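# Survey of secondary and tertiary structure
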Amino acid sequence: MKHIFSILFAAGMALSAQAQVRHEIHVPDLDGYKTLKCDFHMHTVYSDGAVWPTVRVDEAWREGLDAIALTEHIEYRPHKDLTGHHGRSYEIAEGSAKANDILLIRGSEITRSMAPGHFNAIFLKDCNPLDQKDWHDSFKQAKQQGAFIFWNHPGWARQQPDTTLWWNEHTEIYDNGWMQGIEVANGTSYFPEAHRWCLEKSLTMIGNSDVHNPIGMDFDFYKGEHRIMTFVLAKERSVEGIREALDNRRTIVWVKDLLVGEEQWLKELFEKSVKVVNVKRGKGYCNITLQNESDLTFHFQKTEHDKAIEYFRTFTVKPQSRCNIAIYFPETFNGEGKINFRVTNLLVQPNRGMDYSYSF
Ligand SMILES: [Zn+2]
Ligand SMILES: [Zn+2]
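Being a predicted model, the structure only gives us computed values, none of them experimental. (Residues numbered from 1 in each chain as written. Chains lettered and ligands numbered in written order. Predicted model: local features only at pLDDT ≥ 70, side-chain atom pairs only at ≥ 80, totals over all residues. Heavy atoms only, no water.)

## Things to note about the packing of aromatic side chains
This is how it is decided: Aromatic rings from Phe, Tyr and Trp, taking only the six-membered ring of Trp, are treated as a pair when their centres fall within 6.5 Å; an angle between ring planes under 30 degrees marks them as stacked, one over 60 as edge-to-face, and anything in between as tilted. By definition, any uninterrupted DSSP run of H or I lasting at least four residues is a helix, any uninterrupted run of E lasting at least two residues is a strand, and each is numbered from the N terminus. The criterion for a charge sitting over a ring is simple: Lys NZ or Arg CZ within 6 Å of the ring centre, and within 35 degrees of the ring normal.
Taken as a whole and assessed by the stated rule, the structure comprises 26 aromatic pairs. Ring centres of Phe 312 and Phe 341 lie 6.0 Å apart, and the angle between their planes is 65 degrees; this geometry places the pair in the edge-to-face category. You can see Phe 312 sitting in the loop between β14 (298–302) and β15 (314–317) and its partner Phe 341 sitting in strand β17 (residues 338–343), a full 29 residues away along the chain. Geometry around Trp 166 places Lys 201 over its ring, the cationic atom sitting 4.3 Å from the centre. Cation over ring: Lys 201 sits above Tyr 174, and NZ or CZ is 5.7 Å from the ring centre.

Right under this line is the structure:
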């Protein structure tokens, strides 16, 4: 017995000695703004998730996130015996978030059939008043608390089987000032229609994991995958700073290799990530050396150009790497040259990349 006890004790010691490592995500700050890594949509056992609330904080810390919101379904709580009142998961995670310097934002998911579907209300003061029979009353309650409300996964096939539609209810919600943003991506899915609505209606673009499982079951970090997230361009690293940035639509969504956002932010993010470190021009050729100091990947595709100038058809700039673009032209060519391309994964319009060029 004593022997077994010592083995167990030794095993416990070994486990507790295992260090947790935070993997910082290298994405540049923009002029005047910190680039905060945020996930505003996830679940725990307090709705239909499979993990305890503090685990979400541990996951976020290890993955280099700055802020999360635990957004349990108001209307769907399979473990109701356990769950108590709405907002309980926030209370449980609060201490751990503080200790790990993760900004924790109080939120809930208003979970209705289509229309209007699912919406997250974040920056709530109290989740309980959102539990209402009529969805209008849930939105009213959230709005009264000054919440930031966004439409979740508008292209979710279970609610929009064939096409991603904007319903009359969404017009009503929008006109009432009950919608400030939309998830242009959720999990691993990107919704071009939502992207278009955000641009047309001046709504904030959001991308969230909506994770229910332990995060490692949805994203394979060993293969270099990353959790979908929203880069929030905040004046300061605080809950208030995030709110101010969301209200002013300073976000970029990172889902797989895609970066979705307004062109001014994507352009600056690109220029601050990928720097031209050397241009070597000789007779009939030029080499442009690029250095990518970020964890982001960029895919280039050649666009309209001077036919005398030869360069790549497609070109990929990998994270944390240095690479060379080789350009060829007639030896007689003396003037200024330009290579035009589209960064196909910087989506400035629905399914359309950002045009860019380098001069030499
Ligand atoms: Zn949902
Ligand atoms: Zn959800």
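Having put the structure on the table, let's press on.
## Here we look at the coordination of the zinc ion (ligand 1)
Spelled out, the test is: Listed donors are limited to N, O and S atoms within 2.8 Å of the metal, widened to 3.2 Å for Na, K and Ca; water is not among them, so incomplete-looking sites are possible. The buried label applies to any residue whose accessible area, calculated with a 1.4 Å probe on protein chains only, is under 20% of its type's maximum; exposed applies above 50%, and partly exposed to all values in between.
Here the zinc ion (ligand 1) is held by Glu 109 (OE), His 118 (ND1) and His 153 (NE2), and the distances to it run 2.0 to 2.2 Å. Donor residues binding the zinc ion (ligand 1) come from one chain and are separated in sequence as E-x8-H-x34-H. Here the zinc ion (ligand 1) and the zinc ion (ligand 2) are spaced 3.4 Å apart, and both take Glu 109 as a donor. For the pair formed by Glu 109 and His 118, the shared burial category is buried.

## Quick look at the coordination of the zinc ion (ligand 2)
Threshold: Any site counts as irregular unless it has four donors with all angles between 85 and 135 degrees, making it tetrahedral, or four or six donors with opposite ones more than 155 degrees apart and the rest between 65 and 115, making it square planar or octahedral.
The zinc ion (ligand 2) binds to the protein through His 41 (NE2), His 43 (NE2), Glu 109 (OE) and Asp 210 (OD); the donor distances cover 2.1 to 2.3 Å. Each of the four donor atoms bound to the zinc ion (ligand 2) contributes to angles spanning 78 to 166 degrees, and the resulting shape is irregular. Donor residues for the zinc ion (ligand 2) sit on one chain with the sequence pattern H-x1-H-x65-E-x100-D.

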